[in-house]
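# Geometric and topological summary
Chain residues, written in single-letter form:
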Amino acid sequence: MLYRWESQGFFKPNFDRGGDPFVVPMPPANVTGSLHMGHAMFVTLEDIMIRYFRMKGRPALWIPGTDHAGIATQLVVEKMLAAKGVKRTDLTREEFTERVWEWKEKYGSTITNQIKRLGASCDWTRECFTLDDQLSRAVVEAFIRLHEKGLIYQGSYLVNWSPNLQTAVSDLEVEYSEESGYLYFMKYRVAGGSRDDFMTIATTRPETLFGDVAIAVNPEDERYAKYVGRLAIVPLTFGRHVPIIADRYVDPEFGTGVLKISPGHDQNDYHIARKLGLPILNVMNKDGTLNDVAGLYSGMDRFEAREKLWSDLVETNLAVKKEPYTHPRSQRGGEVIEPLISKQWFVTMEPLAERALQAVEKGQLIILPERFEKIYNNWLTNIKDWCISRQLWWGHRIPVWYIVGKKCEEDYIVARNEEEALAKAQEKYGKSVEIYQDPDVLDTWFSSALWPFSTLGWPDTSKEDFKHFYPTTVLETGHDILFFWVARMVMMGIEFTGSVPFSYVYLHGLIRDSQGRKMSKSLGNVIDPLDTMKEYGTDALRFTLCMGTAGQDINLSTERLTSNKAFTNKLWNAGKFLLQNLPDRSDGTAWDLLLANEVCH
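A brief look at the structure comes next. (Residues numbered from 1 in each chain as written. Predicted model: local features only at pLDDT ≥ 70, side-chain atom pairs only at ≥ 80, totals over all residues. Heavy atoms only, no water.)

### Some details on the overall build of the protein chain
Counting its regular elements, the protein chain contains 19 helices and 27 strands. Every one of the 601 residues in the protein chain was classed for burial, and the buried ones make up 50%. By sequence separation, contacts in the protein chain at least 24 residues apart represent 75% of the contacts at least 6 residues apart. Computing the positive centroid from 69 side-chain charges and the negative centroid from 80, the protein chain places the two 1 Å apart. (Helix = DSSP H or I, 4+ residues; strand = E, 2+ residues; numbered from the N terminus. Buried < 20%, exposed > 50% of the residue type's maximum accessible area, 1.4 Å probe, protein only. Contact = heavy atoms within 4.5 Å. Lys, Arg positive; Asp, Glu negative; His and termini not counted. Charge placed at Lys NZ, Arg CZ, Asp CG, Glu CD.)

### Quick notes on the side chain of Asn160
Along the chain, Asn160 falls in strand E6 (residues 152–162). Residue contacts for Asn160: discarding those within four places in its chain leaves Thr167, Ala168, Val169, Ser170, Asp171, Val174, Gln267, Ile337 and Glu338.

### A word on the environment of Lys104
As for its placement among the helices and strands, Lys104 is situated in helix H4 (residues 93–107). As for Lys104 and Thr73, which are separated by 31 residues in sequence, their C-alpha atoms are 8.8 Å apart. Dropping the residues within four chain positions of it, Lys104 is found in contact with Val31, Ser109 and Phe129.

### Focus: the pairing of strand E9 (residues 198–203)
Of all 6 residues making up E9, 5 are buried, and the element is well covered by its neighbours. Pairing between strand E8 (residues 175–190) and E9: 6 bridges, direction antiparallel. Residue pairing across strands places Phe185 opposite Ala202, the latter belonging to E9. (Pairing = 2+ DSSP bridges.)

### Regarding a nonpolar patch on the surface
Taken together, the side chains of Ile366, Leu368 and Tyr504 present a nonpolar region at the surface, about 230 Å² in accessible area. Checked against the element boundaries, Ile366 lands in strand E17 (residues 366–368). With a relative accessible area of 32%, Ile366 lands in the partly exposed category. (Patch = residues over 30% accessible without salt bridge, like charges linked within 9 Å, V, L, I, M, F, W, Y side chains within 5 Å. Areas by Shrake-Rupley, 256 points an atom, 1.4 Å probe, with all protein chains shown as cover. Salt bridge = Lys/Arg side-chain N within 4 Å of Asp/Glu carboxyl O.)

### So, the nonpolar core
When a protein is soluble and globular, its nonpolar side chains tend to lie buried together. Grouped together as the largest cluster of nonpolar side chains are 65 residues, with contacts concentrated most on Phe143, Leu365, Tyr376 and Phe446. Top contributing element to this core by residue count: helix H15 (residues 482–497), with 11 residues. Dropping the residues within four chain positions of it, Phe446 is found in contact with Val139, Ala142, Phe143, Leu146, Val347, Trp386, Ile388 and Met492. Counting residues in each nonpolar core, the second largest holds 35 residues, with Leu209, Val258, Tyr297 and Phe346 among its members. (Core = buried A, V, L, I, M, F, W, Y, C linked by side-chain atoms within 4.5 Å.)

### Let's talk about the pattern of salt bridges
Applying the stated criterion across every chain, the model contains 24 salt bridges. Here Lys308 and Asp312 are joined by a salt bridge, their closest N and O atoms 3.3 Å apart. In this pair, Lys308 and Asp312 both sit in helix H8 (residues 302–315), 4 residues apart, roughly one turn of the helix. On the accessibility criterion, Lys308 (40% relative accessible area) is partly exposed. Here Asp312 falls in the buried class, since its relative accessible area comes to 14%. Close ionic contact of Glu495 with Arg355 constitutes a salt bridge, the shortest N to O distance being 2.2 Å.

### As for the sheet that holds strand E25 (residues 502–508)
Ordered in space as E17-E25-E24, the 3 strands form an open sheet in which the pairing is parallel. Because the sheet does not close on itself, it has two edges, and the strands there are E17 and strand E24 (472–478). Between one strand axis and the next, the sheet turns through 15° on average, direction left out of account. (Axes fitted to C-alpha atoms, helices over the stretch in contact; angles between N-to-C directions.)

### Focus: the side chain of Asp411
Locating Asp411 in the fold gives a position in the loop between strand E20 (400–403) and strand E21 (412–414). Buried and without a salt bridge, Asp411 has Lys428 as its closest oppositely charged side chain, separated by 4.4 Å. Of note is the side chain of Asp411, whose polar atom sits 2.4 Å from the side chain of Tyr429. Non-local contacts of Asp411, meaning those with residues more than four positions away in its chain, are made with Tyr402, Ile403, Lys406, Lys428 and Tyr429. (Polar contact = N/O pair within 3.5 Å; in protein donor to acceptor, adjacent residues only side chain to side chain.)

### What about the environment of Asp312?
Taking the C-alpha atoms as reference, Asp312 lies 8.2 Å from Leu236; in sequence the two are 76 residues apart. Side chain to side chain, Asp312 and Tyr297 meet in a polar contact 2.5 Å long.

### Let's talk about the packing of helix H16 (residues 529–536) against helix H18 (residues 558–580)
Relative to each other, H16 and H18 sit at 40°, their axes nearing to 10 Å. By the angle between their directions, the pair H16 and H18 is classed as oblique. Considering the relative orientation of H16 and H18, their crossing is right-handed. From H16, Thr532, Glu535 and Tyr536 reach across to H18, where they touch Thr558, Leu561, Thr562 and Lys565. Looking at the contact of H16 with H18 residue by residue, the classes come out as 2 nonpolar, 3 polar and 2 charged. (Parallel < 35°, antiparallel > 145°, perpendicular 65-115°, else oblique. Left-handed = near helix turned anticlockwise from the far one by under 90°. Nonpolar A, V, L, I, M, F, W, Y, C, P; charged D, E, K, R; others polar.)

### Things to note about unusual backbone geometry
Cis geometry marks the peptide bond from Trp458 to Pro459; its omega dihedral reads 15°. As for its position among the elements, Pro459 is in the loop between helix H13 (451–454) and helix H14 (464–469). Backbone torsion omega between Tyr470 and Pro471 reads 0°, so that peptide bond is classified as cis. Within the fold, Pro471 resides in the loop between H14 and E24. In this model, Ala69 sits at a positive phi of 50°, which is unusual for a non-glycine residue. Looking at the element boundaries, Ala69 is found in the loop between strand E4 (65–67) and helix H3 (70–82). A positive phi is found at Asn317, a non-glycine position, where the angle reads about 65°. The residue Asn317 is located in the loop between H8 and strand E14 (319–332) in this model.

### Brief notes about the sheet that holds strand E18 (residues 386–387)
Strand pairs in the sheet, formed through backbone hydrogen bonds, run parallel or antiparallel to each other. Ordered by their spatial adjacency, 4 strands build an open sheet running E7-E6-E16-E18, and the pairing between neighbours is antiparallel. Both outer strands of the open sheet, strand E7 (167–169) and E18, are each paired with one neighbouring strand and no more. When E6 meets E7, the two strands line up antiparallel, connected through 3 bridges. When the bridges of E7 are listed, Trp161 appears paired with Ala168. Its contacts with the sheet put helix H7 (residues 267–276) on E6 and strand E16 (338–347), and the angle it makes with E6 is roughly 145°.

See below:
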């Protein structure tokens, strides 16, 4: 779809009148996406900004683009193949990625055309895609530079794992909701004690008991003081013993005040185990079934094992009770996420976060509304290392090669391409060496963290666009991705360019329904911007969205749209009336008279 304003190049930055450039990097929409009200909101606000400064004569550049959306895109293509009876694993990696590229070429422009339909005055000649050659080169360069500084490392740690997708998931991508389930109460007998010497433990996930490495109580809890220092017998494990310890982390008020420590399957337990030097047991396979550590339950699905285990606890008189309990559900796309020990690549975040904090403190970066500064500062102050590897086939392949016959953790080559990796390996191990590339790809947010400067030519800082338009001016986006995207861009911008990537961050609120509820398909309250534009007009929709207060969520109702449709229609008719009564272009005298009128200035 090519509009006249696009073909005529009306929205390219113009340096004829001089002035400092005004640059806005558009948040790259997922290539799998379809227009929603969040897109309509950012397009409206950014379009207002860019048109205002363009009319003031400043060279204005609004950089559009799309994100390859690793997990989402791979899922879409896998479902498409499944409908034809083909599994991803039936194909080679190269065959599968070829299918994804075919899908992208056919459907990937949908979201772009819908954003154009909103009237976005971007310079579409500069449109970027995160898997473009230029942006991919930037991603590899960023990985190499961080690794050379010792800020990227590989290790086995507890991560959020998606059994269905078979990949690690970022902490920030885990969705939390309330779920009705059960709290299971079961007996752990105290070794060497009488029949009455047992401790009752309450848990929502009894199947993880095979990964227990300790039982913990609060040191001030007098009920269990006599058992601290002794051993407990883990149920259904043929007598496996674990120590009973005291730790202030345990909440005496939750459940029975006794906590089973399963560090291979719980984030809090993991940190306790690391602090106290306890071992870590993993009882689960990556597909969500139990492994050999679970003994007779090995091979069973996690939820199936839960039911079977509880039945066996009842039969052996080790079950106390099961009661309804509402607890947080951690999920990704509806699937329950499992904390799991896995070997992954990480970025050390603390030194990067420190400089991002200083940028706000020194006024180099201004966050609007100001109240979000506290949230930004709090997250960066308590930041964890970033797990950047994903077990997918679609995305930026990690630029690491291993040596055939050598341990991966000890011998690997980081290089810009396979030729460079082979040359390095031959220099170190001889001409007969064989290498293979790490199968993982990088987290999608890793590439989008480079967006403000990779889109302008970095790492080639001699590029005209980079010299003219970087640093950018304003980053406008929803407050819900302050951590996902904004903070990471700030850290990466300072690290790789020495500059904060934008001077201002303007955060808008979320669009809710007329009752203030978050829009969701399950509630049936999603308002489609395309349908809204057909019924009320694009101007009415944009006017409604821009009337909100910065950072505040907006309740969108048909009443507001109807009212604003009437108002924008009046503006439209007033404009038509003026245009119809203006003199002919060739009538210079009439135009001189009009321009002499102060109203026209």
